[in-house]
Amino acid sequence: MPRRGAIGKGTGMHKGIGVAGIAGRMGRLVAEEAQAAGAKVTGGIDRAGAETPPGVAVLHDMAALAALSDVVVEFTHASSVQAHARAIAGTSCAWVLGTTGLSAEDEAAVAEAARHVAVVHAPNFSPGVNLVIALAEKMAAALPADAYDAEIVEMHHRQKVDAPSGTALGMGRAVAKGRGVNLADVTESGRDGHTGARKTGAIGFAALRGGQVVGEHTLIFAAGTEHIELTHRAFDRRAFATGAVRAALWVAGRKPGLYSMMDVLGMA
C-alpha cells in the first residue's frame, strides 16, 4: 500500500513540474499555480499548433517531458492516457493524473504505471470535493440502503464530453464502499421512458450540461421522513489546479504506488 507523508513540498522536487495539455484551460492554470508555488515549469506537451504559455518549452512527447521533470501533471483526453502511462512508466518521473472518462483499459494502464512510478490519480483535486467524498462514505455506512435512496446530480459546462462526471462517479464509489457493494452492480443512470420502480439499494446518477458551469455536484440521501444533501459548487477551475500542484509537490520522490488525493490531504 502507498505510504502517507506530510503535505507540502515533497521528498524529491529537484527538476520541476511538467504539464501535459499545457495549452488547455487547466494546463495553463496548472503552470501558473506551479510557478506561484515556487516550482519550475520544465515544459509541456500539447497538440501541434496549440497556443501555449509564453516562455514554456513545448516538447514532442510524454517521455521527453518526463525526462526533464520530477512530476508531470496531466489534464488531457482519455484517448491519451494509455500511451502516456506506458511512456511515463519507463522513467523516474511521478504522475499526477486528473483526466476523467477513463475506460477499464485506461484504468488498468494507470495501475500498471503505478507499479513503476508514483501516481496520484483523482477524479477531482479540489480539497473541498474530497472532503465531501469522505463524508459520503461515512454517511452511506450509517444510513441503511433499504431506507435511504442515494442519488447524485451533477452539472457541467456544455463542452464536457463524458457523463457522469469523474467526480460524480467518485461520490458513487464512496457511497458503494460505505455500503459494502460494487458500484457497477447498483448503478442507475440515464433513466428514460417506462423504467419501472427504483431498485432498493440503487445509486442513481443524473447529468446536466449547459452554459459554462465549472462543476456542481449534489449527493442526496432520500428517505421517507427526511432528505440529506451534500453539495459542492466550483466557481473557478483554479481550485483544481491548486490542488493538482499540491499533489505534485507531495508526490515528488515518493515510492511507486497508486495514490489518491486522500493520501495528499492526509485522510487515507
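Here's what I pulled together on the structure shown here. (Residues numbered from 1 in each chain as written. Predicted model: local features only at pLDDT ≥ 70, side-chain atom pairs only at ≥ 80, totals over all residues. Heavy atoms only, no water.)

Observations concerning the packing of aromatic side chains
Okay, so step 1: A complete count under the given rule lists two aromatic pairs for this structure.
Okay, so step 2: Ring centres 5.8 Å apart and planes at 70° place the aromatic pair phenylalanine 75 and phenylalanine 125 in the edge-to-face group. With phenylalanine 75 in the loop between β3 (71-74) and α3 (81-89) and phenylalanine 125 in the loop between β5 (118-121) and α5 (127-142), this residue pair connects regions lying 50 residues apart in the sequence. Like phenylalanine 125, phenylalanine 75 is buried. (Phe/Tyr/Trp six-rings, centres within 6.5 Å; stacked < 30°, edge-to-face > 60°. Helix = DSSP H or I, 4+ residues; strand = E, 2+ residues; numbered from the N terminus. Buried < 20%, exposed > 50% of the residue type's maximum accessible area, 1.4 Å probe, protein only.)

Some remarks on the packing of helix α1 (residues 25-36) against helix α8 (residues 238-251)
Okay, so step 1: For the pair α1 and α8, interaxial distance at closest approach is 8 Å and the crossing angle is 55°. Between α1 and α8, the interaxial angle falls into the category oblique. For α1 against α8, the interelement crossing comes out right-handed. For the pair α1 and α8, the contacting residues are Met26, Leu29, Val30, Glu32, Glu33 and Ala34 in the first and Arg238, Phe240, Ala241, Thr242 and Val245 in the second.
Okay, so step 2: Grouping the amino acids of the contact of α1 with α8 by side-chain chemistry returns seven nonpolar, one polar and three charged. (Axes fitted to C-alpha atoms, helices over the stretch in contact; angles between N-to-C directions. Parallel < 35°, antiparallel > 145°, perpendicular 65-115°, else oblique. Left-handed = near helix turned anticlockwise from the far one by under 90°. Contact = heavy atoms within 4.5 Å. Nonpolar A, V, L, I, M, F, W, Y, C, P; charged D, E, K, R; others polar.)

Distances and angles like these do not, on their own, reveal function.
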